[in-house]
Amino acid sequence: MQDVPAKLKSYQTYIDGAWCDAASGKTFQTFDPYTGDAWATIPECDAKDVDRACEAAWRAFDEGPWPAMMQTARGRMLRKIAGLIEKHAEHLARIEVRDNGKLISEMAAQLKYLPEWFYYYGGLADKIHGSVIPSDRPEHFTYTLKEPVGVCVFITPWNSPLMLVGWKLAPALAAGCTVVIKPSEYTSASLLEFMKLVIEEAGLPPGVVNVVTGYGAATGEPLVTHPKVAKVAFTGGTATGARVNELAAKTFKKVSLELGGKSPNVVFDDCIIDDAVSGAVSGIFAATGQTCIAGSRLLVQESIHDQFVEKLVAMAKTAKLAPQYQRILSYIEIAKGEGANCVLGGGAATKEDGGGKYFVKPTIFTGVDNGMRIAQEEVFGPVLSVIKFKDEEEAVAIANDIAYGLGAGVWTQSVRRATTVSKRIRAGTVWVNTYRAVSFLMPFGGYKASGLGRENGAEAIDSYLQTKSVWINNGPAGGNPFIMKTAS
Ligand code: NDP
């Protein structure tokens, strides 16, 4: 065990229904990005703990009561989880803020909305069913069953820790799967509190939900390659997602990937300008730009460009500051070097600016060409690139000229333009005259390098299920055993 100052809170992790340290006894510290001080210690799990957690999840799946439980009872359990999240939402949001430095209003809103996922998928739990399929041969009865895929691994990022776990956990539990979760090393505490206040309190059987805290590759890779794991649901950066996909493919695991974005927010000259300015600010600065769906490429029609940028800068000046990462500052330097024109912010925020230890100022660049790195690469911070366009054709061409395809915004009062541009933009979600709306009811996911599969909505449950076909012959067996049994 490392030397740790006594004032730090010390967390254990949760495997097979019990609280425990990492097998090695090692821990790491978690930091408050506002003060820069460590406030808690977290177990540093490795392959040994991963194996224990995956074996526990496998036993719970193979012999335990969870997949065998009546689907209605499982649904009831999900609704119990929802009620417990409601009870502890404020506390859980405060822990998230302490770890990721975001605004309490942002994290509290996420936590207050999260119970809906468990109510919704709890309601769907006993509506999962196969179907009876008409047979093309006499005396055969054929039907399908929808069965849980097995042990699922969730790997999640730091920006919206519990919300992104919840989007996976609710459909996986409803389907009857068991789970091992690896949170980001920066934001493990809220998940450990969630395990105590929600999962343990709800009374889920041991092994149904397990947590392994630790560093990315040391904990994540043994999880993705573990032989007892059937599915990996990953949310994070595109480069990490590619690595996870490659590792998981070796043992034919099912994979869903929610990855990065560089979303276009397209403003036409027939929009309501004040609404679009507010939408542009919300798209990039509301969550300090640290969301996968940040509208980080703002495409503005040239006829309103100058007026729009003036209003945008005025409103963006009122934005709160964002936790700083070296990466964000380096992108600001890259943009300056590429010749983009910095009209707001452009560096680290000092205490006098209202910043904490690791914060940057909201930053806007105009005169950005879509080919520049600042327009093509995900910064994951409050940095907006403003790109001019002439007409609808050019707007669509620029919007699609990117490796990513997660979200997009369109600001217009024309119904024709709203529907045609929404159809032409290659992205998993298009918002018209709004931005960053999400719901448990609406599928969410990426085109192109922004991911594989969809979370949320009824179809998300399918990624935790597999189909079994059952053939029952009520007639005589027989026929030539060396020939495949076909209808003729
Ligand atoms: P990362 O890709 O760095 O990390 C995501 C998770 O993967 C973390 O838990 C990390 O652990 C883990 N990890 C790192 N390396 C490996 C590895 N080799 N094998 C397995 N797991 C590994 O992303 P960030 O945490 O920085 O999150 C920001 C990214 O997430 C952005 O690109 C953002 O767009 C994306 N994102 C996508 C969303 C979507 O729904 N599409 C939603 C939210 C964010 P550790 O933290 O310990 O390194």
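For the structure, check the block above.
Because the structure is predicted, anything quoted here is derived from the model rather than measured. (Residues numbered from 1 in each chain as written. Predicted model: local features only at pLDDT ≥ 70, side-chain atom pairs only at ≥ 80, totals over all residues. Heavy atoms only, no water.)

(A) View of the sheet that holds strand E6 (residues 132-133). Ordered in space as E6-E7-E25, the 3 strands form an open sheet in which the pairing is antiparallel. Of all the strands in the sheet, the pair left with one neighbour each is E6 and strand E25 (465-473). (Pairing = 2+ DSSP bridges. Helix = DSSP H or I, 4+ residues; strand = E, 2+ residues; numbered from the N terminus.)

(B) View of the sheet that holds strand E24 (residues 451-452). Spatial strand order, E10-E9-E8-E11-E12-E24: 6 strands in an open sheet with mixed pairing. The strands lining the two open edges of the sheet, one partner per strand, are strand E10 (209-211) and E24. Of the strand pairs in this sheet, strand E9 (residues 178-182) and E10 are connected by 3 bridges, and their pairing is parallel. Residue pairing for E10: Ile181 is matched across the bridge by Val211. Taken strand by strand, helix H9 (residues 238-249) contacts strand E11 (229-235), strand E12 (254-258) and E24, and its axis lies near 175° from that of E12. (Contact = heavy atoms within 4.5 Å. Axes fitted to C-alpha atoms, helices over the stretch in contact; angles between N-to-C directions.)

(C) Structural detail: helix H15 (residues 415-424). All of the buried residues along H15 are Arg417, Ala418 and Val421. For H15, the buried positions fall inside an angular range of 100° around the axis, keeping them on one side. More than 90 degrees from the buried face of H15, the exposed residues found are Val415, Thr419 and Lys423. Where H15 is buried, its residues meet strand E14 (297-301), helix H14 (392-400), strand E21 (407-411) and strand E22 (429-432). (Buried < 20%, exposed > 50% of the residue type's maximum accessible area, 1.4 Å probe, protein only. Arc of directions from axis to C-beta.)

(D) View of the site of the ligand. Neighbouring residues of the ligand: 30 residues in total, closest Thr156, Glu185, Thr240, Leu259 and Glu378. Residue Gly236 places a main-chain N or O atom 3.4 Å away from an oxygen atom belonging to the ligand. Leu259 is positioned with one of its backbone polar atoms (N or O) 2.7 Å from a nitrogen atom of the ligand. For the shell around the ligand, the secondary-structure elements that each account for two or more residues are helix H8 (216-225), E11 and H9. In terms of residue count, the dominant contributor to the shell around the ligand is H8 (4 residues). Broken down by class, the residue content of the shell around the ligand amounts to 14 nonpolar, 11 polar and 5 charged. (Near = heavy atom within 4 Å. Polar contact = N/O pair within 3.5 Å; in protein donor to acceptor, adjacent residues only side chain to side chain. Nonpolar A, V, L, I, M, F, W, Y, C, P; charged D, E, K, R; others polar.)

(E) Molecular detail of the packing of helix H1 (residues 47-62) against H8. Between H1 and H8, whose axes approach to 9 Å, the crossing angle comes to 40°. With respect to each other, H1 and H8 are oriented oblique. As H1 runs across H8, the sense of the crossing is right-handed. Counting all contacts with H1, which are made through Ala47, Val50 and Cys54, the residues of H8 involved are Ala218, Thr219, Pro222 and Leu223. For the contact of H1 with H8, the class distribution of residues is 6 nonpolar, 1 polar and no charged. (Parallel < 35°, antiparallel > 145°, perpendicular 65-115°, else oblique. Left-handed = near helix turned anticlockwise from the far one by under 90°.)

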